[in-house]
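Chain by chain, the residues run as shown.
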Amino acid sequence: MPRSDRILMGPGPCNPYPEAIEAFGRPMLGHLDPEFLALLDDVCDRLRSLFGTTNALTVPISGTGSAGMETCIVNVLGPGDVAVIGVNGVFGQRMCDVASRTGAEVVRVDFEWGTPVTAERLLNAHPSPTLIGMVHAETSTGARSDVAEIGAGKGDALLLVDCVTSLGGLEFRADDWGVDLAYSGTQKCLGVPPGLSPITVSDRARDRFVAKSQSWYLDLRLIGDYVGTPGAKRAYHHTAPISMIFSLHGGLTAIADEGVDAVIERHATCGTAVQDGLVGLGFELFAQEGHRLPQLTTVRVPSGVDEAAIRSDLLGTYGIEIGGGLGEYAGKVWRVGCMGHTARERNVTTLVAALGELMAR
Ligand code: PLP
C-alpha cells in the first residue's frame with residue numbers, strides 16, 4: 001500500500017487538505033518579508049474567526065499542540081498561583097503536569113474517563129484560583145465538555161481551554177464563552193500537518209502575565225512583538241517556520257472556501273456515520289451519550305479480540321489507520337478519528353466495510 005493512499009482515521013494527524021500540502025511548494029520568503037508578514041496577518045485573522053474572538057493576541061505558536069499548552073500556562077502561572085484543572089483523560093493530566101512545573105499549586109479535579117468535566121465541581125474546587133483549566137475535546141476518551149457554564153462562573157479566575165481536537169471541527173466561541181486562553185494544533189480538524197499551535201489570549205489574561213515567564217522561547221511578551229498583535233514591532237524573535245505557516249494558510253483557506261459552518265456540519269455528519277456504522281457492527285460506544293465527539297469516536301474492543309492485530313491488518317490490507325487506547329484504556333478501546341480532510345463519507349464507508357470484513361474473519 002503506497003503511503004500516499006493512507007486513510008488517517010487515528011486521533012491525529014488526519015489527511016491534510018490538498019491546499020495545505022500544495023502550500024509547501026511556495027517559494028521561500030524571508031521571515032520579515034512584507035509579503036510573508038501580510039500572509040501571517042491573514043492567518044491570524046482567520047484564526048480569530050475560528051476561535052470566535054477579537055483577541056489581538058491570536059497567533060500560531062511554533063511547535064505542536066503541547067507547545068501551545070505550555071505557552072498559555074507559563075505566561076500566567078508561577079509560584080504562589082493556584083490552578084484548578086479538570087481531568088477526564090490524558091490531556092487534562094498533561095495540563096496538570098505542565099502547570100505544576102511552574103511552581104503553582106495544582107488542584108486536580110478528576111472525572112471518570114469518557115464523561116465530561118462539569119462546571120459545578122470545577123467551580124467549587126477552590127475559592128480563588130488564578131486559573132481554571134479544562135479540555136474541550138478529550139482525545140483520549142472522545143468526550144466533549146461544555147465550556148460556556150464554566151466561563152460564566154469563573155469569577156476572577158482566568159479560563160484556559162484546550163481545543164486541540166475541537167477547533168475547526170466543533171463550534172468554538174472564545175469571547176461568548178469567557179475563554180481567556182485557548183490553544184489548538186494544526187493536525188486535527190484544521191486539516192494541516194502537525195507543527196504549529198494556534199493560540200488566542202484575551203486582554204484580561206495579557207494584563208495578568210507573570211513578570212518573567214519561565215520560558216524564553218514561549219514568552220508571549222516577546223512573541224507578540226513579532227507575530228501579529230496590532231502595532232507590533234515585528235522585531236526578530238525566532239525564525240518563523242515559514243512553510244508551515246504557508247501550509248496553515250492553505251488549510252484555513254480550504255475551510256473558509258467551504259464555509260466554517262459547512263465544515264463543522266461535515267464533521268458532525270461523518271461522526272454520526274462512524275458511530276452508527278460501528279454500532280451496526282456490534283461495537284459499544286465508550287464516551288457518554290450526549291457528550292460524544294463527532295471527530296473522535298471511541299469504542300470498546302470486545303473481549304477475545306486481538307486489537308493490535310486488527311489495527312495492523314486494517315493498516316496493512318486497507319491502508320486505514322485507527323488509534324488504540326491510552327493510559328488505563330490501552331488495549332481496551334479504539335479511537336477512530338474523522339477530522340479535517342479525512343471527514344468524508346467515502347472514508348467512513350470504507351472503514352466500516354473493512355472493519356466488518358476483518359472482524360468476521
Ligand atoms: N491536547 C489534546 C486534546 C490533544 O489531543 C493533543 C494531541 O493529541 C495535545 C493536547 C498535544 O498536542 P501535540 O501532540 O500536537 O503536542
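In this text, all values refer to a predicted model and were calculated from it rather than measured experimentally. (Residues numbered from 1 in each chain as written. Predicted model: local features only at pLDDT ≥ 70, side-chain atom pairs only at ≥ 80, totals over all residues. Heavy atoms only, no water.)

Chemist: It is not clear to me how the overall build of the protein chain should be interpreted in this structure. Could you clarify?
Modeler: Within the protein chain one finds 13 helices and 15 strands. For 361 residues, the compact-globule estimate of 2.2 N^0.38 gives 21 Å, and the C-alpha radius of gyration of the protein chain, at 20 Å, lies within 12% of that figure. Across the protein chain, the mean location of the 29 positive side-chain charges is 4 Å away from that of the 42 negative side-chain charges. (Helix = DSSP H or I, 4+ residues; strand = E, 2+ residues; numbered from the N terminus. Rg over C-alpha atoms; globule rule 2.2 N^0.38 Å. Lys, Arg positive; Asp, Glu negative; His and termini not counted. Charge placed at Lys NZ, Arg CZ, Asp CG, Glu CD.)

Chemist: Where do I start with the site of the ligand in this structure?
Modeler: Near the ligand lie 13 residues; those nearest to it are T64, S66, T139, D162 and K188. With respect to the ligand, the side chain of T139 contributes an N or O atom lying 2.4 Å from an oxygen atom. Within the side chain of K188, an N or O atom sits 2.7 Å from an oxygen atom of the ligand. Surface burial for the ligand is 87%, taken as the share of its 390 Å² of free accessible area covered by protein chains. Class assignment for the residues of the shell around the ligand results in four nonpolar, six polar and three charged. (Near = heavy atom within 4 Å. Polar contact = N/O pair within 3.5 Å; in protein donor to acceptor, adjacent residues only side chain to side chain. Areas by Shrake-Rupley, 256 points an atom, 1.4 Å probe, with all protein chains shown as cover. Nonpolar A, V, L, I, M, F, W, Y, C, P; charged D, E, K, R; others polar.)

Chemist: What exactly am I supposed to notice about a nonpolar patch on the surface here?
Modeler: Judged by side-chain polarity, W216, Y217 and L222 come together as a nonpolar surface patch covering roughly 300 Å² of accessible area. Positionally, Y217 belongs in the loop between helix 8 (203-206) and helix 9 (220-227). Exposure remark for Y217: the relative accessible area of 34% places this residue in the partly exposed category. (Patch = residues over 30% accessible without salt bridge, like charges linked within 9 Å, V, L, I, M, F, W, Y side chains within 5 Å. Salt bridge = Lys/Arg side-chain N within 4 Å of Asp/Glu carboxyl O. Buried < 20%, exposed > 50% of the residue type's maximum accessible area, 1.4 Å probe, protein only.)

Chemist: Could you clarify how one ought to interpret empty space enclosed by the protein in this entry?
Modeler: Space left empty within the atom packing is revealed by a probe, the size of a water molecule, rolled over the atoms. In total, this model carries two cavities of 30 Å³ or more according to the counting rule given. Its boundaries defined by the atoms lining it, the second largest cavity holds a volume of some 40 Å³. Surrounding the second largest cavity, P60, I61, S62, Y217, L218, I223 and H238 form its lining. When residues in the lining of the second largest cavity are grouped by element, the largest group, three residues, is from strand 2 (residues 57-62). (1 Å grid on protein atoms, 1.4 Å probe; cavity = no way out; pocket = protein on both sides within 12 Å on 5 of 7 lines; lining within 4 Å. Points joined across faces, edges and corners; volume = space filled by probe spheres on them.)

Chemist: So what exactly am I meant to see when it comes to the sheet that holds strand 5 (residues 131-135) here?
Modeler: The pairing of strands in a sheet happens through backbone hydrogen bonds and is either parallel or antiparallel. Reading across from one edge, 2-10-9-8-5-3-4 is the order of the seven strands in this open sheet, with mixed pairing throughout. This sheet does not close on itself; its edge strands, each paired only once, are strand 2 and strand 4 (105-110). Averaged over all neighbouring strand pairs, the angle between strand axes comes to 20°, with direction disregarded. In this structure, strand 8 (residues 158-162) lies alongside strand 9 (residues 181-183), joined through three bridges in parallel fashion. Within the sheet, the bridge partner assigned to L160 lies in strand 9 and is L181. Helix 4 (residues 90-100) contacts strand 3 (82-87), strand 4, strand 5, strand 8 and strand 9 of the sheet and is inclined by roughly 165° relative to strand 3. (Pairing = 2+ DSSP bridges. Axes fitted to C-alpha atoms, helices over the stretch in contact; angles between N-to-C directions. Contact = heavy atoms within 4.5 Å.)

Chemist: Can you walk me through the pairing of strand 15 (residues 333-337) in this structure?
Modeler: Regular strands show a simple pattern: their side chains alternate between the two faces of the sheet. Burial analysis of strand 15 places five of its five residues in the buried class, which makes it a mostly covered element. Residues of strand 15 alternate between two faces, with V333, R335 and G337 on one and W334 and V336 on the opposite face, all of them buried. Bridge count for strand 12 (residues 296-300) against strand 15 is five bridges, and the pairing is antiparallel. Paired with T298 across the bridge in strand 15 is R335. Across two bridges, strand 14 (residues 323-324) lies against strand 15 in antiparallel orientation. Along strand 15, the bridge assignment pairs G324 with W334.

Chemist: Is there a simple way to explain the sheet that holds strand 12 in this structure?
Modeler: Here we have four strands laid out as an open sheet, ordered 11-12-15-14, and antiparallel in their pairing. Only two strands of the sheet have a single partner each, and these edge strands are strand 11 (284-285) and strand 14.

Chemist: Just to check I follow, could you spell out the pattern of salt bridges for this structure?
Modeler: Opposite charge on two side chains lets them pair, provided their charged atoms get close. The final tally for this structure, using the stated rule, is 16 salt bridges. Between D180 and R204 there is a salt bridge, with its nearest N and O atoms 2.9 Å apart. Taken together, the positions of D180 in the loop between helix 7 (174-177) and strand 9 and R204 in helix 8 put the pair 24 residues apart, joining distant regions of the chain. Judged by relative accessible area, which is 26%, R204 ranks as partly exposed. One connected set of salt bridges, linked through shared partners, spans K154, D180 and R204.

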